[in-house]
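# Coordinates in review
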Amino acid sequence: MQRTTHRRLLARPVVVSLAAAVALTATSCAKSEDDAADDTSSSASADSGQKVAEPKPGSKTCTIDAFGGEKLDLKNATVGFSQSEKAANPFRIAETQSIKDEAKARGVKLLTANAQSQFSKQISDVQDLLAKGADLLVIAPLNSDGWEPVFKAAAAKKVPIVTIDRKINATPCKDYVSFIASDFVEQGKRAADQMIEETGGKGEVAILLGSAGNNVTTERTKGFKDQIAKEAPGLKVVFEQTGDFAREKGQQVTEQLIQSKPGIKGIYAENDEMGLGAVAALKGAGKKPGDVKIITVDGTRNAVKGIVDGWISGVIESNPRFGPLAFQTLDSFTKGEEVAQDIVIEDGAYGPDNAKTDIGKAY
């Protein structure tokens, strides 16, 4: 069995399939997604912005000529941003604030909408942004399928689309320009490595699945399972249930898990909110810190503090500060320059050896 250490995980390169290398920084999140864009009451450390992983040779690109759009000056454009989920999720709060902060820094007019976790509302939100005069769109999609009405409406007005965080199942450089996100399969693999280390590679573990219908859940699950099967066949996944990326649902599912599998040794939560829900369930059941090893994905401040407190064993980062990279992509594209069709972010990780010192990078 292959063993790994936290320090090795922090230095491990992300496997990528794309993009021009760019290092950008952004300010962090405010307390509410609906706060004004100039609210910078909570700032991230200077090195907390997204960094793009090195592209593979032959990575595909897109230009405005190939897309069929028209060149424009970003400073004179109106950008529409569609957020998918409720403001209760810290990832979404930080993501939206980063978009607002970058628009303000660049002097770009920004229109925003929040679908409140309703896919039909997100489709109508984007159509409304187009009707209000958006020249460019940044979309954080709730689901991967069902975007045909948006593509049709955007194509009619030659409006380029950049998608972030979750992939839309469509044709790049035709339906949309670029997709910017983490390598979710790699995140799952790295979470598996941490779980193997914490459990010794033996015992029963559970997966708190994210929402159905998007690539994040599918890919984080695949990466975790494939790595467990390859490196630690003595570690068995005996429980899988969706927690919808929500803390309350994560707690409910973990309460069921404790009843049905009292000997569970580890929990892989596919985001921090579900992991924090699992912590609440374990506390309610009278468990002690470390009795059940919890590995999560995101990098919220509460989850990293959970490592410091001993309840969470490790967190794989998924950086939500998309603003600078999304606007840089739009700026380059509208000038006529090549941009990558897929842009992968290089993520870090938190463990017992760095959680206390690096908590300032969390959001």
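Check the entry above for the structure.
Predicted model only: the values in this text are computed from it and were never measured.

Once that is clear, we can look at the pairing of strand S5 (residues 161–164). Of the two faces of S5, the one holding Ile161 and Thr163 and the one holding Val162 and Ile164 are both buried throughout. Crossover handedness for the path strand S4 (residues 136–139) to helix H5 (residues 148–156) to S5: right-handed. Strand direction decides the pairing type here: S5 and strand S6 (residues 178–182), joined by 3 bridges, are parallel. From the neighbouring strand, Thr163 faces S6, where its bridge partner is Phe179.

Applying the stated criterion to the full structure yields 17 salt bridges. The shortest N-O distance in the salt bridge between Asp358 and Lys361 comes to 4.0 Å. Exposure remark for Lys361: the relative accessible area of 28% places this residue in the partly exposed category. What you see here is one network of salt bridges that share partners, running through Glu85, Arg92, Glu95, Asp165 and Arg166.

As enumerated under the stated definition, the model contains 1 disulfide in all. Across the disulfide from Cys62 sits Cys173; the S-S distance is 2.1 Å. Looking down the S-S bond of the Cys62 and Cys173 bridge, the torsion is 80°, so its handedness is right-handed. Of the two residues, Cys62 is situated in strand S1 (residues 61–62) and Cys173 in the loop between S5 and S6; the sequence distance between them amounts to 111 residues.

Reading across the sheet, the 6 strands line up as S3-S2-S4-S5-S6-S13 and stay open at both edges, with parallel pairing between neighbours. Both edges of this open sheet fall to strand S3 (109–114) and strand S13 (342–345), since each of them pairs with a single strand only. Pairs of neighbouring strands in the sheet enclose a mean axial angle of 15°, with direction left out of account. Contacts between helix H3 (residues 90–106) and the sheet are confined to strand S2 (78–83), S3, S4 and S5, with S2 contributing the most and set at about 175° to the helix.

Here we take up the packing of helix H6 (residues 184–199) against helix H7 (residues 215–231). Two numbers describe how H6 lies on H7: the axes approach to 7 Å, and their chain directions differ by 40°. Relative to H7, the element H6 lies oblique. Here H6 runs over H7; the crossing is right-handed. Residues Phe184, Val185, Gln187, Gly188, Lys189, Ala191, Ala192, Asp193, Met195 and Ile196 of H6 form the contact with H7, whose own contacting residues are Asn215, Val216, Glu219, Arg220, Gly223, Phe224, Gln227, Ile228 and Glu231. A per-class count over the contact of H6 with H7 returns 9 nonpolar, 5 polar and 5 charged.

A separate point is H6. The end-to-end C-alpha separation of H6 is 22 Å, in line with the 22 Å expected for 16 residues at 1.5 Å each. Here H6 lies mainly inside the structure; 12 of its 16 residues are buried. Every buried residue of H6 is accounted for by Phe184, Glu186, Gln187, Gly188, Arg190, Ala191, Ala192, Asp193, Gln194, Met195, Ile196 and Thr199. Where H6 begins, one side-chain oxygen reaches toward the backbone nitrogen of Val185, 3.3 Å away; that side chain belongs to Asp183. Just beyond H6, the residue with positive phi is Gly200, at close to 75°.

Scoring rules and cut-offs
- Residues numbered from 1 in each chain as written.
- Predicted model: local features only at pLDDT ≥ 70, side-chain atom pairs only at ≥ 80, totals over all residues.
- Heavy atoms only, no water.
- Buried < 20%, exposed > 50% of the residue type's maximum accessible area, 1.4 Å probe, protein only.
- Helix = DSSP H or I, 4+ residues; strand = E, 2+ residues; numbered from the N terminus.
- Right-handed = clockwise from strand over helix to strand, strands pointing away.
- Pairing = 2+ DSSP bridges.
- Salt bridge = Lys/Arg side-chain N within 4 Å of Asp/Glu carboxyl O.
- Disulfide = S-S within 2.5 Å.
- Axes fitted to C-alpha atoms, helices over the stretch in contact; angles between N-to-C directions.
- Contact = heavy atoms within 4.5 Å.
- Parallel < 35°, antiparallel > 145°, perpendicular 65-115°, else oblique.
- Left-handed = near helix turned anticlockwise from the far one by under 90°.
- Nonpolar A, V, L, I, M, F, W, Y, C, P; charged D, E, K, R; others polar.
- Expected span 1.5 Å × (residues − 1).
- Polar contact = N/O pair within 3.5 Å; in protein donor to acceptor, adjacent residues only side chain to side chain.

Geometric descriptors of this kind do not, in isolation, establish any biological role.
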